[in-house]
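So you can see what is in the structure, the chains are spelled out below.
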Amino acid sequence: MIEPVVKEIWVGAGVEDAFRRFTGEIADWWPTEQHSVSGEACRDVRFEGSVGGRILEEADDGQVHPWGTVTAWEPPGRVVFTWHPGREPDTAQSVEVEFSAQDGGTRVRLTHTGWERFGDSAAEMRGEYDTGWTFVLSRYAGATA
Amino acid sequence: MEHGRTLHALSDATRRNILARLRLRPHTVGELAARLPVSQPAVSQHLKVLRQAGLVAAEKDGVRRIYHLSVEGLEPLRAYVASFWDEALGAYGRSFDRAPRQEEKE
């Protein structure tokens with residue numbers, strides 16, 4: 001019903017560097033003025049590197065705004081996280097980022113999904129409509145329908 | 001921004017539930033209320049929010065109104081998400097073009 005958003009970019013760096021830049025070094029590049037809850041008052045962005053790790057911004061006034069939580073941490077090839085910047089966690093979608101060696105650099109592929117949970121026939125067959133966190137997380141824990 | 005209204009509409013679990021059911025087939029308000037743990041007036045209110053966000057539409061069938069999903073209603077949100085990641089990934093890619101950062105004292 002609703003296609004995922006898929007974006008790809010090639011960077012001239014090795015896979016480990018590309019993964020680390022995206023995650024641990026997110027503060028070095030994330031455009032916080034345009035894309036953060038606190039905007040110009042954004043002081044820091046952090047990406048905690050483990051399953052359950054938080055992705056968050058910290059504002060000048062010390063307030064923390066969570067963006068999501070890591071659901072899969074597989075350096076240097078793959079990271080998956082829930083995504084709900086400025087929103088409640090139970091409205092989260094899911095973002096998967098994959099890093100693979102290509103042409104002397106790294107191809108980075110980002111897939112933003114979670115739209116299709118608005119019409120999951122598998123959930124209908126289970127006789128439930130789990131529209132919260134557990135639905136999103138179960139997709140990556142390999143839960144069966 | 002249009003996508004703000006979409007996000008608000010999607011921010012409620014009952015409304016997401018309604019969308020999931022409408023994806024299977026169109027429903028009347030009564031049919032939705034019979035399957036949800038909320039009252040019929042509450043369902044009507046949720047449908048109003050979804051209609052205003054362009055996510056559902058209704059057709060009259062005699063005295064009944066039958067609600068269906070309006071798939072194109074999600075397009076503003078998808079377009080916003082697509083441009084959002086274009087900008088974020090663009091910044092990520094450009095960070096490799098810069099000279100290495102000097103160590104800065106915290």
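Draft legend 1. Inspection of the sheet that holds strand β1 (residues 27–28) of chain B at higher detail. Residue and element names in this part refer to chain B. Pairing is antiparallel across the open sheet formed by 3 strands, whose spatial order is β1-β3-β2. Lying at the two open borders of the sheet, with one neighbouring strand each, are β1 and β2 (56–61). Bridge count between β1 and strand β3 (residues 64–69): 2 bridges; the pairing is antiparallel. For T28, the partnering residue across the bridge sits in β3 and is I66. In the packing of helix α2 (residues 13–24) onto the sheet, contacts are made with β1, β2 and β3, and the angle to β3 comes to roughly 95°.

Draft legend 2. The packing of α2 of chain B against helix α4 (residues 40–52) of chain B, seen in detail. Residues and elements named next belong to chain B. The contact between α2 and α4 brings their axes to 10 Å, and the two run at 80°. Here α2 lies roughly perpendicular to α4, going by the angle between them. Judged by residue contacts, T14, R15, I18 and L19 of α2 engage V43, H46, L47, V49 and L50 from α4. Looking at the contact of α2 with α4, its residues break down into 6 nonpolar, 2 polar and 1 charged.

Draft legend 3. Fine view of the environment of R98 of chain B. Note on placement: R98 of chain B falls in the segment after α5 (75–94). Considered as a pair, R98 of chain B and L7 of chain B are 91 residues apart in the sequence and their alpha carbons are 36 Å apart. Here R98 of chain B is in contact with D28 and W29 of chain A, once residues within four sequence places are set aside.

Draft legend 4. Representation of the pattern of salt bridges in the model. Going through the model one piece at a time under the given rule, you end up with 14 salt bridges over all chains. Close ionic contact of D86 of chain B with K7 of chain A constitutes a salt bridge, the shortest N to O distance being 3.0 Å. Taken together, the residues span two chains, with D86 of chain B in helix α5 and K7 of chain A in strand β1 (residues 5–11). Its salt-bridge partner being E74 of chain A, residue R78 of chain A comes within 2.9 Å of it at the nearest N-O pair. Its relative accessible area of 40% is what places E74 of chain A among the partly exposed residues. Several salt bridges share partner residues, and in doing so they unite D17, R20, R21 and E25 of chain A into one network.

How each quantity is defined
Residues numbered from 1 in each chain as written. Chains lettered and ligands numbered in written order. Predicted model: local features only at pLDDT ≥ 70, side-chain atom pairs only at ≥ 80, totals over all residues. Heavy atoms only, no water. Pairing = 2+ DSSP bridges. Helix = DSSP H or I, 4+ residues; strand = E, 2+ residues; numbered from the N terminus. Contact = heavy atoms within 4.5 Å. Axes fitted to C-alpha atoms, helices over the stretch in contact; angles between N-to-C directions. Parallel < 35°, antiparallel > 145°, perpendicular 65-115°, else oblique. Nonpolar A, V, L, I, M, F, W, Y, C, P; charged D, E, K, R; others polar. Salt bridge = Lys/Arg side-chain N within 4 Å of Asp/Glu carboxyl O. Buried < 20%, exposed > 50% of the residue type's maximum accessible area, 1.4 Å probe, protein only.

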